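Residue-level listing of the chains:
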Amino acid sequence: MNKIIDFLIAHHDRFEQELIEILKIPSISSDPEHKSDLLFMADFLKAEMSKIGLENSTIHKTKGHPIVYSEWLNAPGKPTLLIYGHYDVQPVDPVDLWTSPPFEPVIKGDKIFARGAADDKGQIFIHLKATESYLKTQGELPVNIKLLFEGEEEVGSTHLEGFIKDHAQMLEADYVVISDTPMFREGYPGITYGLRGLTYLQINLRGTNTDLHSGSFGGLVKNPINALVEILAQMKDDQGRIRIPGFYDDVLPISETEHEKLSQLPFSAKDFADSIAAPALFGEAGYGDLERLWARPTFDINGIWGGFQGEGAKTVIPAEAHAKVSMRLVANQDPDDISRKFIAYVNSLVPESMKAEINAMHGGFGYVTDLDNPGLQAGVRALKKAFGKEVDFLREGGSIPIVKVFADIIKAPVLLMGYGLPDENAHAPNENFSLTNFHKGIESIVYFFEEIGQL
Ligand code: BES
Ligand code: ZN
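Remember, predicted model here, so these are calculated numbers, not experimental data.

What counts and how
Residues numbered from 1 in each chain as written. Chains lettered and ligands numbered in written order. Predicted model: local features only at pLDDT ≥ 70, side-chain atom pairs only at ≥ 80, totals over all residues. Heavy atoms only, no water. Helix = DSSP H or I, 4+ residues; strand = E, 2+ residues; numbered from the N terminus. Phe/Tyr/Trp six-rings, centres within 6.5 Å; stacked < 30°, edge-to-face > 60°. Buried < 20%, exposed > 50% of the residue type's maximum accessible area, 1.4 Å probe, protein only. Lys NZ or Arg CZ within 6 Å of the ring centre and 35° of its normal. Pairing = 2+ DSSP bridges. Axes fitted to C-alpha atoms, helices over the stretch in contact; angles between N-to-C directions. Contact = heavy atoms within 4.5 Å. Near = heavy atom within 4 Å. Polar contact = N/O pair within 3.5 Å; in protein donor to acceptor, adjacent residues only side chain to side chain. Areas by Shrake-Rupley, 256 points an atom, 1.4 Å probe, with all protein chains shown as cover. Nonpolar A, V, L, I, M, F, W, Y, C, P; charged D, E, K, R; others polar. 1 Å grid on protein atoms, 1.4 Å probe; cavity = no way out; pocket = protein on both sides within 12 Å on 5 of 7 lines; lining within 4 Å. Points joined across faces, edges and corners; volume = space filled by probe spheres on them. Salt bridge = Lys/Arg side-chain N within 4 Å of Asp/Glu carboxyl O. Donors = N, O, S within 2.8 Å, 3.2 Å for Na, K, Ca; no water. Tetrahedral: all angles 85-135°; square planar, octahedral: opposite > 155°, others 65-115°.

**So, unusual backbone geometry**
Excluding glycine, a negative phi dihedral is what most residues carry, and trans is how most peptide bonds are arranged. Here the bond from D93 into P94 is cis, since omega is 5 degrees, no more than 30 degrees from zero. For P94, the position within the fold is in the loop between β3 (80–86) and β4 (106–108). Residues A331 and N332 are joined by a peptide bond in cis, for which omega reads -5 degrees. By the element assignment, N332 lies in the loop between β13 (320–329) and α11 (335–349). A positive phi is found at N430, a non-glycine position, where the angle reads about 65 degrees.

Dropping the structure here:
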């Protein structure tokens, strides 16, 4: 073990330099203009996997962005880990709010700033560097590992589900390990045992076949933007409760023990509000803050557009109006069922003067696992050893839709060992990743391999 730790210390700076190199690649999955950057990123990962001693490194083409796979299976009788992560990143706009360009990584203090630093390139790199350190110093691993990195997580993992189903045998594992979540507070490692699910839809309303003069037509035709906001205003009551019929049918309440656990985590609503400059927090009445964030569903309008938005004024009744909406879901809500209920409810509210088109875009189930599986406990010991602190048990409000697919197809517990921080600015300007967490993360995965090898 000392030899591995010495290796981590000796290669500390090189690991950071290599991280900088992958953060320069603008692998934005939603933007067709960046398709070749995703191919480049996949090639880079494949080469890296072979370089550090992994075997059978392969790129699997999909109709979207490629899936990269590699393995090391030379520890017969030992458990197998399937390590999943994503190499695609979110778009960078509004780019003028970045203090340094998103694909020119800079280190300031303990943090490295770049799109993808925390979500998720920095975190997948932890696994690669831990594996490299182990293999270079020991010549072997104490566990079997399979690495699976996709380029479509930020756009709904469109092709990964089919790939997992088609390659279920190749991907067989005792545990699935994912580092794509934040810790709850700086210095304290966390294990996430629950994620929310999601469904994302677009509504298009059309009133007429062309924009109209609001003087010549106003009073005789309905304005689609007016209609859209009237419809959307019906989604929630003034207590923050969602009004879609049947929406809460399958929501599982949290247990008394879990209530107690949540209340033990240090959370200040005031500090949370201050950290985002919110004048006050808002949410569904009758539930605690962390419960609302992690274990209650939400409805949000993500974007709404239509009509005149230029300089000055224009008296127009627009022909159409649009909105993108999403709902964060919790166990046991089914995203398809919720989408259907949403569509039926919206359709029931569309006035006869409008034509509506509502399309579900993507989504996935939430996930909750129990804390007493031996792999998760091995993770707890490893994190504690590397960070020198007790482990926080967390749920998260975000979604990794493929987690439920892993749980169902691979039939293995999914361990979410994440190394981000609450102020990492994921999906926002100035995304950053703590270098302390990067290096301690690598160390913790080394310990984790050891711990799993002893199960
Ligand atoms: N890393 C996040 C998931 C996450 C976010 C976990 C916050 C915990 C806290 C992941 O990359 C992500 O952003 N997922 C999307 C999924 C969607 C595009 C289907 C999300 O949650 O919006
Ligand atoms: Zn993300």
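Past the structure itself, the notes keep going.
**Description of the packing of aromatic side chains**
All told, the structure shown has 9 aromatic pairs when counted by the stated rule. Between the aromatic rings of Y84 and F406, the centroid separation amounts to 5.4 Å while the plane-to-plane angle is 65 degrees, which identifies the pairing as edge-to-face. With Y84 in strand β3 and F406 in helix α13 (residues 402–409), this pair connects stretches of sequence that are 322 residues apart. Judged by relative accessible area, Y84 falls into the buried class, the value being 1%. What makes F406 buried here is its relative accessible area of 0%. The side chain of K389 reaches across the aromatic face of Y188, ending 4.8 Å from its centre. Its end group placed over the ring of F365, K404 keeps NZ or CZ at 4.5 Å from the ring centre.

**So, the sheet that holds strand β14 (residues 355–364)**
Pairing is antiparallel across the open sheet formed by 4 strands, whose spatial order is β11-β13-β9-β14. Strand pairing shows two members of the sheet lacking a second neighbour, β11 (298–306) and β14, which therefore form its edges. Strand-to-strand twist in this sheet, taken as the mean axis angle between neighbours without regard to direction, amounts to 15 degrees. Strands in contact with α11 are β9 (197–206), β11, β13 and β14; relative to β9, the strand with the most contacts, it is inclined by about 25 degrees.

**Notes on the site of ligand 1**
Taken together, 16 residues lie near ligand 1, and E153, D180, R328, S399 and H427 sit nearest. A distance of 2.8 Å separates an oxygen atom of ligand 1 from a polar side-chain atom of H427. Expressed as a share of its isolated accessible area of 510 Å², the protein-covered part of ligand 1 is 87%. For the shell around ligand 1, the class distribution of residues is 4 nonpolar, 6 polar and 6 charged.

**Regarding the layout of surface pockets**
When its volume is computed, the second largest pocket comes out at roughly 410 Å³. Surrounding the second largest pocket, 22 residues form its lining, E161, P335, G363, G364 and P401 being those nearest its centre. Of all the secondary structure elements, the ones that give two or more residues to the lining of the second largest pocket are β9, α11, β14 and α13. Counting residues per element, the lining of the second largest pocket draws most heavily on β14, which supplies 5 residues. For the lining of the second largest pocket, the class distribution of residues is 9 nonpolar, 8 polar and 5 charged.

**Quick word on the sheet that holds strand β18 (residues 432–434)**
An order of β4-β5-β18 is seen for the 3 strands of this open sheet, with the pairing classed as antiparallel. Two strands in the sheet have a free side with no partner beyond their single neighbour: β4 and β18. Recorded for the sheet is a direction-independent mean angle of 25 degrees between the axes of neighbouring strands. Looking at chain direction, β4 and strand β5 (residues 111–113) are connected through 3 bridges and run antiparallel. Residue pairing for β5: I107 is matched across the bridge by I112. Lying on the sheet, helix α4 (residues 117–138) is in contact with β5 and β18; it crosses β18 at an angle near 40 degrees.

**Structural notes on the side chain of N223**
Note that N223 resides in the loop between α6 (214–217) and α7 (224–232). Of note is the side chain of N223, whose polar atom sits 2.7 Å from the backbone nitrogen of I225. Sequence-distant contacts of N223, that is, excluding residues within four places in its chain, are made with I317, P318 and M354.

**Description of the pairing of strand β2 (residues 67–72)**
Across the 6 residues of β2, 6 count as buried, placing the element largely inside the fold. Of the two faces of β2, the one carrying I67, Y69 and E71 and the one carrying V68, S70 and W72 are both buried. Of the pairings in the sheet, the one linking strand β1 (residues 55–60) to β2 comprises 4 bridges and is antiparallel in character. When the bridges of β2 are listed, E55 appears paired with E71.

**Some details on the pattern of salt bridges**
The final tally for this structure, using the stated rule, is 24 salt bridges. For E132, the salt bridge is made with K129, and the minimal N-O distance between the two is 2.6 Å. Placement of both E132 and K129 in helix α4 is noted, with a separation of 3 residues, approximately one turn of the helix. When salt bridges with common partners are traced through the structure, they connect R14, E18, E48, K51, K129, E132 and K136 into a single cluster.

**Overview of the coordination of the zinc ion (ligand 2)**
Here the zinc ion (ligand 2) is held by the protein donor atoms D119 (OD), E154 (OE), E154 (OE) and H427 (NE2), which lie 2.1 to 2.7 Å from it. Seen from the zinc ion (ligand 2), its 6 donor atoms lie at angles of 52 to 154 degrees, and the figure they make is irregular. Taken in sequence order, the residues that donate to the zinc ion (ligand 2) follow the motif D-x34-E-x272-H. With a gap of 273 residues between them, E154 in the loop between β6 (144–150) and α5 (160–166) and H427 in the loop between β17 (414–418) and β18 connect regions that are remote in the sequence. When its relative accessible area of 42% is taken as the criterion, H427 is described as partly exposed.

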